[in-house]
Amino acid sequence: MAPQVSSLFRAMQRPELRLETGVLTSERVKRTWRERKQMFICLSVGSLALQVLVADSDIFAHPLAEPWAELLRSVQQKGGYSHVIASSTSFGKNLLPRAAALLDVSPVTDVTAISEPRVFVRPIYAGNALCTVRYTGESPCMMSIRSTSFSPATESMSETKVAPITQVDLSFLSEASSRKSSWVNLTSQDTERPDLANARVVVTGGRGLKSAENFKLLEQLAEKLGAAVGATRAAVDAGYVPNELQVGQTGKIVAPEVYIAFGVSGAIQHLAGMRDSKYIVAVNKDADAPIFQVADYGIVGDLFQVLEELLEKIPDKK
Ligand SMILES: Cc1cc2nc3c(=O)[nH]c(=O)nc-3n(C[C@H](O)[C@H](O)[C@H](O)COP(=O)(O)OP(=O)(O)OC[C@H]3O[C@@H](n4cnc5c(N)ncnc54)[C@H](O)[C@@H]3O)c2cc1C
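Residues numbered from 1 in each chain as written. Predicted model: local features only at pLDDT ≥ 70, side-chain atom pairs only at ≥ 80, totals over all residues.

Participant: Go over the nonpolar core, please, and point to the residues and values.
Facilitator: The biggest cluster of nonpolar side chains holds 37 residues, and the ones touching the most others in it are V202, V203, A261 and F262. Mapped by element, the contributors of at least two residues to this core are β10 (201-205), α7 (212-225), β11 (228-231), α8 (233-237), β12 (258-262), β13 (279-284) and α11 (303-313). At 4 residues, the largest contribution of residues to this core is made by β12. Apart from the residues lying within four places of it in its own chain, the contact partners of V203 are L218, L221, A222, L225, A227, V229 and I260. L71, V84, I145 and F150 belong to the second-largest nonpolar core, a separate cluster that totals 29 residues. (Core = buried A, V, L, I, M, F, W, Y, C linked by C-beta atoms within 7 Å. Buried ≥ 20, exposed ≤ 12 C-beta atoms within 10 Å, placed from the backbone. Helix = DSSP H or I, 4+ residues; strand = E, 2+ residues; numbered from the N terminus. Contact = placed C-beta atoms within 7 Å.)

What follows is the structure, given as structure tokens:
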């Protein structure tokens, strides 16, 4: 099970909440849809996933938010579910507000903890403060969760029951739904490295790396550590690496076991995307760089020297 899906299950499986339903979306599931031209929606009743809905149509072969939002509206209107939950991935963030608008409710975004069925904790001011909010609107209560804040469901939780599979009635789909947007192509980096959002170790480079060429040193280190490569927005804006590697408020939110930052100053917008990492290691030549305020381990020095030594001393991954 993909980690984001697994975290969604964990968010739903809170016995004290008795959530009646949730909607599942994830990269892995999307890949499956692409292959099978199907869309899956998992519904959880009580504390277990009790039903899998399958919407089998070419329209759902790709993650296009417009037809998806219509599908969610239709499923919700038929099922009358209490909660709809998506993960805060780019697709989740695209889909949820559209579906919420169609259902005339306000979504609660970026939930990091669920206190009661309608009381949630979410970060504000780029993660500098946590806000507890109560949802007082009509049903369904729609929310996106930060999957990094919910540990993945354990094996026993995910294997508790075999869910029945039901086909969704797609008669609501009009020709207009398929015309609003169309899938052109997907470009992604062909890499064997772990996905940035779910990696156990992330090595990130900032403007201090100074060039795209120097980022290759980070890639070599990532290769040895089995890590994903991340970057600051300054590094992305300078064209050193593609946008998909950006970590932070306007990039990806990560919470790996180890986050190693090279030449990153530690601006609040960057910290917003990585401060929940278990161990933060920073390498910066400026001892006053704000990154050291959140770092568990810090090296004040030239990152190129440190990288060279690490590359020399860490053996290749077998
Ligand atoms: C609305 C908004 C949203 C934003 N969203 C994001 C976001 O999602 N993610 C993000 O990262 N930023 C984001 N930013 C930008 C953010 O404010 C910072 O500008 C950015 O994070 C700085 O990146 P940096 O640390 O790489 O660069 P800098 O701040 O320029 O820091 C470079 C660091 O490298 C160190 N350095 C230089 N050379 C060496 C060397 N040889 N050895 C060791 N250290 C060295 C320097 O001492 C310095 O601390 C956002 C800004 C705004 C306004």
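Participant: An account of the sheet that holds strand β4 (residues 108-111) is requested, with residue identities and associated values reported.
Facilitator: In space, the 3 strands of this open sheet follow the order β3-β8-β4, with parallel pairing throughout. Of all strands in the sheet, those with a lone pairing partner are β3 (83-87) and β4, marking the two edges. Neighbouring strand axes in the sheet, compared pairwise and without regard to direction, differ in orientation by 25° on average. In this structure, β3 lies alongside strand β8 (residues 141-145), joined through 5 bridges in parallel fashion. (Pairing = 2+ DSSP bridges. Axes fitted to C-alpha atoms, helices over the stretch in contact; angles between N-to-C directions.)

Participant: Break down the packing of helix α3 (residues 65-79) against helix α4 (residues 90-103) for me, with residues and values.
Facilitator: Here α3 crosses α4 at 50°, and the two axes come no closer than 8 Å. Judged by the inter-axis angle, α3 sits oblique to α4. Considering the relative orientation of α3 and α4, their crossing is right-handed. For the pair formed by α3 and α4, the contact residues are A65, E66, W68, A69, E70, L72, R73 and Q76 on the first element and N94, L95, R98, A99, L102 and L103 on the second. Here the contact of α3 with α4 is composed, by residue class, of 8 nonpolar, 2 polar and 4 charged. (Parallel < 35°, antiparallel > 145°, perpendicular 65-115°, else oblique. Left-handed = near helix turned anticlockwise from the far one by under 90°. Nonpolar A, V, L, I, M, F, W, Y, C, P; charged D, E, K, R; others polar.)

Participant: Explain the sheet that holds strand β6 (residues 119-124) to me, and be specific about the residues and the numbers.
Facilitator: Spatially, the 3 strands line up as an open sheet ordered β5-β6-β7, and their pairing is antiparallel. For this open sheet the edge positions go to β5 (113-116) and β7 (129-134), each flanked by a neighbour on one side alone. With strand direction ignored, the average angle separating the axes of adjacent strands in the sheet is 35°. Sheet topology places β5 next to β6; 3 bridges connect them, and they run antiparallel. Its bridge partner being in β6, E116 is matched across the sheet by V119.

Participant: Now, about α4: what can you tell me, with residues and values included?
Facilitator: Taking 1.5 Å of rise per residue, 14 residues should cover 20 Å, and α4 covers 21 Å from first to last C-alpha, within 8% of that figure. On the buried face of α4, the contacting elements are α3, β3 and β8. Residue D104 follows α4 closely and has a positive phi angle near 60°. (Expected span 1.5 Å × (residues − 1).)

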